[in-house]
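# Examination of the molecular architecture
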Amino acid sequence: MKTLVALILLALICFPYLCSAGPNNLDSVCCQTYNRTHIPSIRIKHAMVTSSGCSTSKAIVVTVTSDKKFCIDPKLKWAVRLLKKYQAK
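Residues numbered from 1 in each chain as written. Predicted model: local features only at pLDDT ≥ 70, side-chain atom pairs only at ≥ 80, totals over all residues. Heavy atoms only, no water.

## Remarks on the environment of T50
- Checked against the element boundaries, T50 lands in the loop between β1 (44–49) and β2 (60–64).
- Classification of T50 by relative accessible area gives buried; the value is 8%.
- As a C-alpha pair, T50 and C31 span 19 residues in sequence and 7.6 Å in three-dimensional space.
- Ignoring anything within four residues of it in the chain, the contact list for T50 reads V29, C31, S57, K58, A59 and V61. (Helix = DSSP H or I, 4+ residues; strand = E, 2+ residues; numbered from the N terminus. Buried < 20%, exposed > 50% of the residue type's maximum accessible area, 1.4 Å probe, protein only. Contact = heavy atoms within 4.5 Å.)

Structure, rendered in structure tokens:
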């Protein structure tokens, strides 16, 4: 009986979390701030623009060889050139 009650309580606690999770798109990244430091192109693995679903401002998301992601200001010339290079691939 105690096991059944514990299981029901666990389900009630987890249910709201599972309902509010929504779709999970691993490719979408939203940026809060920009990194203004130049990243050497040899360290860059991928570059993309933030998705239209982001409520914050647009940014260029750069993934480096260590799989870390950095948000770059899209007004920086080197970032725009980098994005064009990766969009052409």
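## Let's talk about the confidence of the model for the chain
- In this model, the chain carries a mean pLDDT of 76, and residues with pLDDT of at least 70 account for 71%.
- Within the model, pLDDT remains below 50 along residues 15–26, and this stretch shows zero contacts once partners closer than five positions in the same chain are excluded. (pLDDT = per-residue confidence, 0-100.)

## Concerning the sheet that holds strand β3 (residues 69–72)
- In spatial order, the strands read β1-β2-β3; together these three strands make up an open sheet with antiparallel pairing. At either end of the open sheet lies a strand with only one pairing partner, and these are β1 and β3. If you compare each strand with its neighbour and ignore which way they point, the axes differ by 25 degrees on average.
- Each of β1, β2 and β3 touches helix α2 (residues 77–87); the most contacted strand, β1, lies at about 100 degrees to it. (Pairing = 2+ DSSP bridges. Axes fitted to C-alpha atoms, helices over the stretch in contact; angles between N-to-C directions.)

## Considering the nonpolar core
- Core analysis: the largest hydrophobic core is formed by 13 residues, its most contacted members being I39, V62, I72, W78 and L82.
- Broken down by secondary-structure element, the contributors of at least two residues to this core are β1, β2 and α2.
- It is α2 that provides the largest number of residues to this core, a total of five residues.
- Residues V29, M48, A59 and V61 belong to the second largest nonpolar core, which totals six residues. (Core = buried A, V, L, I, M, F, W, Y, C linked by side-chain atoms within 4.5 Å.)

## Some details on the pattern of salt bridges
- Under the defined criterion, the tally for this structure stands at two salt bridges.
- Between R36 and D73 there is a salt bridge whose closest N-O contact spans 2.8 Å. With R36 in the loop between α1 (2–20) and β1 and D73 in the loop between β3 and α2, the pair connects residues that are 37 residues apart, well separated along the chain.
- Of the residues examined, D73 reaches a relative accessible area of 8% and is grouped as buried.
- Two residues, K45 and D67, come together in a salt bridge whose shortest N-O distance is 2.3 Å. Taken together, the positions of K45 in strand β1 and D67 in the loop between β2 and β3 put the pair 22 residues apart, joining distant regions of the chain.
- Judged by relative accessible area, which is 49%, D67 ranks as partly exposed. (Salt bridge = Lys/Arg side-chain N within 4 Å of Asp/Glu carboxyl O.)

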